[in-house]
Amino acid sequence: MNDASGNPAAAQADSRRLRAPGWVFPALLLAVLILSVLRFDLIESLLGIRARGLLVSRIPLWELALQHLGLVAASSAAAVPIALGLGIAAVRFSESGLRALLVAAGSAAQTFPSAAVLALSVPLAGFGFAPTFLALSLYGMLPVLHNTIAGLEGVPEAAVDAARGMGMRPRQVLIRVQLPLALPVILAGVRTSVVINTAAATLGAAMGAGGLGLPIISGIRSFDPALILRGAVPSALLALFADASLRRLEDRARRAAGGKPDGRGA
Amino acid sequence: MIRFRNIVKSYGSARAVDGADLEIAPGELCVLIGPSGCGKSTLLRTANRMVEPDSGEVFVDGRPVREHPPEELRRGIGYVIQSVGLFPHMTVGDNVAVVPRLLGIDKGEIAGRVDRMLELVGLSPEWSSRWPRELSGGEAQRVGVARALAADPPILLMDEPFGSVDPLTRVRLQREFLAIQRRLHKTVLFVTHDVEEAIRLADRIAVMRSGRILRHATPEEFVATDAEDFVGEFLGLEYGVEILSRRRVREVLRPAAEIGSDPGAPSIRAEASLKEALGLMAARRVECLSVTDGEGRRAGSLRMEDVLGTWKACP
Ligand SMILES: Nc1ncnc2c1ncn2[C@@H]1O[C@H](COP(=O)(O)OP(=O)(O)O)[C@@H](O)[C@H]1O
Ligand SMILES: [Mg+2]
């Protein structure tokens, strides 16, 4: 197609050879994450700092990390399917006003500080895991809902028209055409949701839900930056890992949706 | 085969279709033509219930379409649109196989059918594993036609199917489609706003304006149209020349035996159209051409009066 830049096939092969396989970066992040929760002292000595230890929790860091992971995983597992379902319903029954309602509610909720959402869910669900799970689930729904609507509405009109005109039932149009084509955008919403919730879950410590927020809160109380890092660094690494691996999934979905040449079938 | 009876469809206060009547005989290729926005697509889409008319009735095979569940009706009617609407996440083969799969035809049969359909539109079976993004506009349109024909529907609805390709590709696609139609004899409703396309393809032309069918006749019958009224004005004064593209020189030539030779007359192939012949006469300022057959031998001559007299003799 563009011979100006030399032989395109050769150029493509070159860039493929030079680029590391997609899983290398997420795997690297995972390794650093695991290392950081097992041997945070290594990172501390690398930075030349040490937590003073006044308020250091007796719970080991890896256990806090697992609690954190559990919170994020559970809330995302609840948020994603619900938001996906709501998004599909919003687009399918857009005349009913459901779409307008959900978009308005979603935008309003997005402007609400996550700390306040967490605090307000305590009177609803008590103390501990439940209110944090509830708040994170609600909060995590927003990007998925938003992207599901945007993704479905972004599917080329012609593809949907052709699908209907060829005799697909509404459900077949959704499953065979609209969802596969919207998937990259929906997955981008899932990624945003998981990354935001990984950070927001640190607030769960104040609600008694444990997790990597615990050292952060203790560090703030005892003016101990090193202790804050003990929670913040693994939490950030977890968010980066989630971002990198979900991005990979997203790229794959984008290729499957026919968006980008990848040499398949060529 | 398809009959539209007094179809009315409004969007808000605007009438997109305003009492349209049209009947398409079995095996006939009817070209629906009219200015943009006159309601062609809306009328076409009432035939497969993509649009439900406010009043009036569409009959397919004598039965009102509203008696069929829309999905089942649509699976029996081929549908080609200007934007093609190939599914970008499916290979060419999977695109072509969509309707046969919806109909539950078995796998082995579908694979063979996909290959046959691709061949029909001039693509080899290897195209089956390609992706829509790898296709040129013309190739995508071919796949669109193959997809519409895959379940062998007796009826085809084509909404400006060759509207988005370059003029050369367009003429080639028209010629190929005409060849397919001569073999398959589908009942076709073909929408366009291009007069030349209508003349090349149509068994009958229906001229539409402001939601109504003004006139429905063979392309030859339109020659006698008054240039002053809307139909004549829309078709344009070139219509009388364009219509000559439907006939070949060999159909009207005077055999060499009948008349003497014309030394110095420019020569033209017997397979050329009368429009080309007239063009050559105009360019060379002559009233007589020497006609050659496929092997380049002289087959006869063609006079301007023969060209001008042709459509009078048409049925
Ligand atoms: N779904 C729709 N909603 C509102 N107006 C429409 C819709 N479809 C068509 N129209 C209007 O109806 C008229 C006829 O449209 P159409 O049948 O697409 O015309 P054509 O195919 O002849 O260009 C146009 O004015 C168009 O704007
Ligand atoms: Mg149209």
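Throughout, residues of each chain are indexed from 1 in the direction in which the sequence is written. Written order decides the labels, with chains lettered from A and ligands numbered from 1. Only residues with pLDDT of 70 or above have their local features reported here, since the model is predicted, and side-chain atom pairs are shown and tallied only from 80 upward, although totals for entire chains, interfaces and linings are computed over all residues. In computing side-chain values, all of the structure's heavy atoms are included and hydrogens and water are not.

## A look at helix α10 (residues 213-221) of chain A
In an α-helix there are 3.6 residues to a turn, and that puts residues three or four apart on one side.
Step number 1: When accessible area is computed with a 1.4 Å probe and restricted to protein chains, residues below 20% of their type maximum are described as buried, those above 50% as exposed, and intermediate ones as partly exposed. Put simply, DSSP H or I for four residues or longer makes a helix, DSSP E for two residues or longer makes a strand, and each gets a number counted from the N terminus. Within α10 of chain A, burial applies to Gly213, Pro215, Ile216, Ser218 and Gly219 of chain A.
Step number 2: Two residues or fewer past α10 of chain A, Phe223 of chain A is found with a positive phi of approximately 45°.

## What about the domain arrangement of chain B?
Residues and elements named next belong to chain B.
Step number 1: Where a domain begins and ends is set by an automatic assignment or by a domain database. Each assigned domain of chain B is listed with its residue range as follows: domain 1 (2-243) and domain 2 (247-313).
Step number 2: Residues count as neighbours in contact if any of their non-hydrogen atoms are within 4.5 Å of one another. Counting residues at the interface gives six residues for domain 1 and four residues for domain 2.
Step number 3: Summed over both partners, the interface of domain 1 with domain 2 buries about 450 Å², with 64% contributed by carbon and sulfur atoms.
Step number 4: Three residues stand out in domain 1 for area buried against domain 2, namely Val223, Val241 and Ile243, and they jointly supply 63% of the buried area on that side.
Step number 5: Salt bridge, as used here, is a side-chain nitrogen of Lys or Arg placed within 4 Å of a carboxyl oxygen of Asp or Glu. Summed over the shared surface of domain 1 and domain 2, the number is one salt bridge.
Step number 6: With a shortest N-O distance of 2.8 Å, Lys275 and Glu242 are connected by a salt bridge.
Step number 7: Any pair of nitrogen or oxygen atoms within 3.5 Å is treated as a polar contact; in protein, a donor-acceptor pairing is required on top of that, and neighbouring residues in sequence qualify only through side-chain atoms on both sides. The tally of links between domain 1 and domain 2 comes to one residue pair in polar contact (both at pLDDT 80 or more).
Step number 8: In terms of residue count, the dominant contributor to the side of domain 1 that touches domain 2 is helix α10 (residues 239-242) (three residues).
Step number 9: When its residues are assigned to classes, the side of domain 1 that touches domain 2 shows three nonpolar, one polar and two charged. Simply put, the buried area is the total loss of 1.4 Å probe accessible area from both parts when two parts are fitted together. All amino acids are sorted into three groups, where Ala, Val, Leu, Ile, Met, Phe, Trp, Tyr, Cys and Pro are nonpolar, Asp, Glu, Lys and Arg are charged, and the leftover types, Gly among them, are polar.

## With respect to the pattern of salt bridges
Step number 1: Enumeration over the complete set of coordinates arrives at 34 salt bridges over all chains.
Step number 2: Linking Arg66 of chain B and Glu57 of chain B is a salt bridge whose minimum nitrogen-to-oxygen distance equals 2.4 Å.
Step number 3: Shared partners join several salt bridges into a network, and the residues in it are Arg191, Asp243, Arg247, Glu250, Asp251 and Arg254 of chain A.

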